[in-house]
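Per-entry structural report
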Amino acid sequence: MGLYRTAKLASLIIASILLVWMLSPTTIVPPTAPVEAITIYVTDYGWHSRLVLPSRNGRLIQYAYGDWNYFALNQQDLMNGLAALFLPTQGTLGRRTFSNTSQFEQMMQRENASILSLKVGQAHVTRLLKLLDERFNRHLETRIENSQTGLTFVQDNQDYTLLYNSNHELAAWLQDLDCQIHGLIIWANFRVKTNPKTQSKKPSRALHQIDKSCSLYC
């Protein structure tokens, strides 16, 4: 009986540690001294996240990654949901453009998305935008417009799985921007660890309601 109670207690402790670990925010650590620093944004939709990068012409480009059927085609039934969770499925890359920061902020407020801002080097942004544009243009023949999300989608070579979802892809993009990522990545639960001398954080808008058009599978 004593052994059973000990095993049960150990299981509860392990489960509690795992739960705390899973619920703990994933920390983004920006570069401490970026050359020609420029502000980028992470948009948090509750379950999934997207990256917003400034372009040379003053516009903002939002990129998103997800499951083709569930995210791009809005086929959000049980079968497609389970497939996105448990099977490697066709990935998709989504993109949309904002003419300026004001339009971007207004749209994020309308979509109940919170915004994290951080500063990275201009050269890293230029390089990543070029890579993402080339990746997007690689499958332009599959392009579709999604009126629910405002994104234009194409099929992507990267398969979607629960263990490689939109938040994992975002983390990879941030690492390409010379950021460090600490913590478990499952859903959109990011925070920015700022250096007060070189970084600034934009106040996040609290998510009072998760965007109904998106879920864990986006």
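A quick note: this is a predicted structure, and the numbers were derived from the prediction, not measured. (Residues numbered from 1 in each chain as written. Predicted model: local features only at pLDDT ≥ 70, side-chain atom pairs only at ≥ 80, totals over all residues. Heavy atoms only, no water.)

Attention now goes to helix α4 (residues 101-110). Those residues of α4 that fall on the buried side of the exposure criterion are Phe104, Met107 and Met108. The buried residues of α4 occupy one face: seen down the axis, they fall within an arc of 100 degrees. Among the exposed residues of α4, those pointing more than 90 degrees away from its buried face are Gln109 and Arg110. The inward-facing, buried residues of α4 contact β2 (37-44), β3 (49-54), β4 (60-67), β5 (89-98) and β6 (114-121). By the N-cap criterion, in which a side-chain oxygen at the helix start approaches the backbone nitrogen of a residue two or three places on, α4 is capped by Asn100, the distance to Ser102 being 3.2 Å. (Buried < 20%, exposed > 50% of the residue type's maximum accessible area, 1.4 Å probe, protein only. Helix = DSSP H or I, 4+ residues; strand = E, 2+ residues; numbered from the N terminus. Arc of directions from axis to C-beta. Contact = heavy atoms within 4.5 Å. Polar contact = N/O pair within 3.5 Å; in protein donor to acceptor, adjacent residues only side chain to side chain.)

Take Val35: it is sitting in the loop between β1 (26-29) and β2. Along the chain, Val35 and Ala123 lie 88 residues apart, while their C-alpha atoms are 7.9 Å from each other. Other than its neighbours up to four places away in sequence, Val35 contacts Gly121 and Gln122.

Time to look at the pattern of salt bridges. The final tally for this structure, using the stated rule, is five salt bridges. Two residues, Arg96 and Glu111, come together in a salt bridge whose shortest N-O distance is 2.8 Å. Within this pair, whereas Arg96 is found in strand β5, its partner Glu111 is found in the loop between α4 and β6, the two being separated by 15 residues in sequence. Neither residue differs from the other here; Arg96 and Glu111 are each classed as buried. With a closest N to O distance of 3.0 Å, Arg135 and Glu169 form a salt bridge. With Arg135 in helix α5 (residues 122-137) and Glu169 in helix α6 (residues 166-176), the pair connects residues that are 34 residues apart, well separated along the chain. Residue Glu169 is classed as buried on the basis of its relative accessible area of 4%. One connected set of salt bridges, linked through shared partners, spans Arg135, Asp156 and Glu169. (Salt bridge = Lys/Arg side-chain N within 4 Å of Asp/Glu carboxyl O.)

A few words now on the sheet that holds strand β10 (residues 190-192). A sheet is described by the order of its strands in space; here three strands give the open sequence β9-β1-β10, paired in mixed fashion. Unpaired on one side and paired on the other, β9 (180-182) and β10 mark the two borders of the sheet. Between one strand axis and the next, the sheet turns by 25 degrees as a mean value, whatever way the strands run. As defined by bridge partners, β1 adjoins β10 across three bridges and the pair is classed as parallel. Bridging across to β10, Ile28 finds its partner in Val192. (Pairing = 2+ DSSP bridges. Axes fitted to C-alpha atoms, helices over the stretch in contact; angles between N-to-C directions.)

Glancing now at the side chain of Thr152. Mapped onto the elements of the fold, Thr152 is located in strand β8 (residues 152-160). At a separation of 2.7 Å, a polar atom in the side chain of Thr152 contacts the side chain of Glu145.

A word on the packing of α5 against α6. Here α5 crosses α6 at 140 degrees, and the two axes come no closer than 9 Å. The angle between the axes of α5 and α6 places the two elements in the oblique class. Between α5 and α6, the contacting residues are His124, Arg127, Leu128, Leu132 and Arg135 on the first element and Glu169, Trp173 and Asp176 on the second. Tallied by class, the residues present in the contact of α5 with α6 amount to three nonpolar, one polar and four charged. (Parallel < 35°, antiparallel > 145°, perpendicular 65-115°, else oblique. Nonpolar A, V, L, I, M, F, W, Y, C, P; charged D, E, K, R; others polar.)

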